[in-house]
Amino acid sequence: MGSSQLQHYLLMTRVIQQIQSNTVSTQSLNELAQQVGMSEHHFQRIFSSWAGVSPKRFQQFLTKERAKNMLSESNSVLETSLELGLSGSSRLHDLMIRCEAMTPGEIKSKGEGMQICFGSAVTPLGNSLIAWTGRGICYLAFYDETSEMSVKELMAEWPNAEFIRNDHGANEWANKIFINPEFDQPLYLLLKGTNFQIKVWEALLRVSSGQLVSYSQLARIAGSPKASRAVGSAMAANKIGFLIPCHRVIRESGELGHYRWGVERKSALQAWEACKAEEYSD
């Protein structure tokens, strides 16, 4: 992954902005290509390399009506999964993810004795900062122009830890997470949060790739059906983007809701996963 991957993502965000600003009708290939200053042929090639589907099909993934329909469909899927104690059915081979919560003592020490590697990596959803320890990934944040704020946030989380810059390692993680997600060993996450936050984050892992749920549905999965607002606060505290999939949660109305790494990126994530889900179902 490199500069071309980033350019493709930046193009997609511009396309998403154009699509979402036009609530009247589906825009043609020519209209979208003109709006981003490309020929139809070039636009189609770049678009397909990122999304894997036509611009028309992609636009269908972004409609509010589709989102509302998915929430309705999620009810039956989630009821079954809750009864069985399993994650929802998925058309993708999702990452096998295992979580380990830090102990109160480890949190209190603020990272003393910990060695944290971190680095920048390009992903299909833009630039990211990834951090990990010998026990698993502890941070994944997206950024647009500079990683400075993400680095500061990471170091503020563990002020007493030893930090080692490793961009090569970060790109290896990004490739494993986004490009070649099928592997034999589980992917471990190291979580730092309250018991309730960790409960919500683990519930998010039960929402399949390509699936959308509402805040109230997530509260039910987390075993706290009356805590929708608290669930939203727990999502806002999530420091591991994509792997703990906050982007799969939307409002009951079908509106996207907030996302700490940007609404356009949330749209891109949802549509990208829907494209991949359709690809695997063919």
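One can find the structure itself at the top, above this paragraph.
Residues numbered from 1 in each chain as written. Predicted model: local features only at pLDDT ≥ 70, side-chain atom pairs only at ≥ 80, totals over all residues. Heavy atoms only, no water.

A. Inspection of the overall build of the chain at higher detail. The number of helices and strands found in the chain is 12 helices and 8 strands. In the chain, which comprises 282 residues, the share counted as buried stands at 49%. Excluding contacts between residues fewer than 6 apart, the proportion of contacts in the chain whose partners are at least 24 apart in sequence is 68%. Carbon and sulfur atoms form 49% of the exposed surface of the chain, whose accessible area is close to 13,600 Å². (Helix = DSSP H or I, 4+ residues; strand = E, 2+ residues; numbered from the N terminus. Buried < 20%, exposed > 50% of the residue type's maximum accessible area, 1.4 Å probe, protein only. Contact = heavy atoms within 4.5 Å. Areas by Shrake-Rupley, 256 points an atom, 1.4 Å probe, with all protein chains shown as cover.)

B. Region of the structure containing the side chain of S120. Along the chain, S120 falls in strand 2 (residues 115–123). Looking at S120, its side chain comes within polar contact range of the side chain of Y143, at 3.1 Å. Here the side chain of S120 touches R165 through a polar contact of 3.1 Å, side chain to side chain. Not counting chain neighbours up to four residues away, the residues in contact with S120 comprise S128, L129, Y143, S147, R165, D167, A170 and N171. (Polar contact = N/O pair within 3.5 Å; in protein donor to acceptor, adjacent residues only side chain to side chain.)

C. Representation of the pattern of salt bridges in the model. Taken as a whole and judged by the stated rule, the model has 9 salt bridges. When the shortest N-O distance is used, the salt bridge between K152 and E148 registers 3.4 Å. Here E148 and K152 lie together in helix 7 (residues 148–157), a separation of 4 residues that amounts to about one turn. For K152, a relative accessible area of 49% translates into the label partly exposed. Measuring nitrogen to oxygen at the nearest pair gives 3.1 Å for the salt bridge that ties D167 to R165. Note on D167: relative accessible area 33%, which makes it partly exposed. Overall, the relative accessible area of 42% leaves R165 in the partly exposed class. (Salt bridge = Lys/Arg side-chain N within 4 Å of Asp/Glu carboxyl O.)

D. Up close: empty space enclosed by the protein. Under the counting rule described, the total for this entry stands at 2 cavities of 30 Å³ or more. Approximately 80 Å³ is the volume found for the largest cavity. Looking at the largest cavity, the residues that line it are C138, E157, W158, L190, L191, K192, W201, A237, N238, K239, I240 and I244. Taken together, the residues of the lining of the largest cavity sort by class into 8 nonpolar, 1 polar and 3 charged. Approximately 40 Å³ is the volume attributed to the second largest cavity. Around the second largest cavity sit R66, G210, Q211, L212, R248, Q270, E273 and A274, which together line it. (1 Å grid on protein atoms, 1.4 Å probe; cavity = no way out; pocket = protein on both sides within 12 Å on 5 of 7 lines; lining within 4 Å. Points joined across faces, edges and corners; volume = space filled by probe spheres on them. Nonpolar A, V, L, I, M, F, W, Y, C, P; charged D, E, K, R; others polar.)

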